[in-house]
Amino acid sequence: MLMKRKKLFIGLGILLVLALTAIGCSKSKHCTNPDKPYWCSNAKSCCGYQYNDNHGTCWKTMEGCRSSGYACSTCHLED
């Protein structure tokens, strides 16, 4: 009886580890709005353009972004 219970706990433990791994590895898309397809990981927001000043404004060019006076980051299209 003790051996069956031990095997049951081991089996449940393995299932739990596999389930947590599957949940942790699933990718979810941040930017689902087609008007804002760029994910800006530094600002943790979506943008309509490739550059972000990390203060809520998106820019078409890095030069334009730098003109804001803030440190700019590049945003990326998500896979």
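See above for the structure.
The notes below deal with the structure included here.

Looking at the sheet that holds strand E5 (residues 73-74)
Turning to step 1, where the next piece is worked out: With respect to topology, three strands assemble into an open sheet ordered E4-E3-E5, the strand pairing being antiparallel. Because the sheet does not close on itself, it has two edges, and the strands there are strand E4 (58-59) and E5.
Turning to step 2, where the next piece is worked out: Where strand E3 (residues 51-52) lies against E5, two bridges are found, and the strand directions are antiparallel. Bridge pairing links Tyr51 to Thr74 in E5.

A closer look at a nonpolar patch on the surface
Turning to step 1, where the next piece is worked out: A contiguous nonpolar patch, built from Leu8, Phe9, Leu12 and Leu15 and spanning about 440 Å² of accessible area, is present on the exposed surface.
Turning to step 2, where the next piece is worked out: Positionally, Leu8 belongs in helix H1 (residues 2-25).
Turning to step 3, where the next piece is worked out: You can call Leu8 exposed: its relative accessible area is 52%.

Comments concerning the state of the cysteines
Turning to step 1, where the next piece is worked out: Applying the stated criterion across every chain yields a total of four disulfides.
Turning to step 2, where the next piece is worked out: Between the sulfur of Cys40 and that of Cys75 lies a disulfide, 2.0 Å long from S to S. Looking down the S-S bond of the Cys40 and Cys75 bridge, the torsion is 100 degrees, so its handedness is right-handed. Residue Cys40 is located in strand E1 (residues 38-40), and its partner Cys75 is located in the loop between E5 and strand E6 (76-77); the two are separated by 35 residues in the primary sequence.

Conventions and cut-offs
Residues numbered from 1 in each chain as written. Predicted model: local features only at pLDDT ≥ 70, side-chain atom pairs only at ≥ 80, totals over all residues. Heavy atoms only, no water. Pairing = 2+ DSSP bridges. Helix = DSSP H or I, 4+ residues; strand = E, 2+ residues; numbered from the N terminus. Patch = residues over 30% accessible without salt bridge, like charges linked within 9 Å, V, L, I, M, F, W, Y side chains within 5 Å. Areas by Shrake-Rupley, 256 points an atom, 1.4 Å probe, with all protein chains shown as cover. Salt bridge = Lys/Arg side-chain N within 4 Å of Asp/Glu carboxyl O. Buried < 20%, exposed > 50% of the residue type's maximum accessible area, 1.4 Å probe, protein only. Disulfide = S-S within 2.5 Å.

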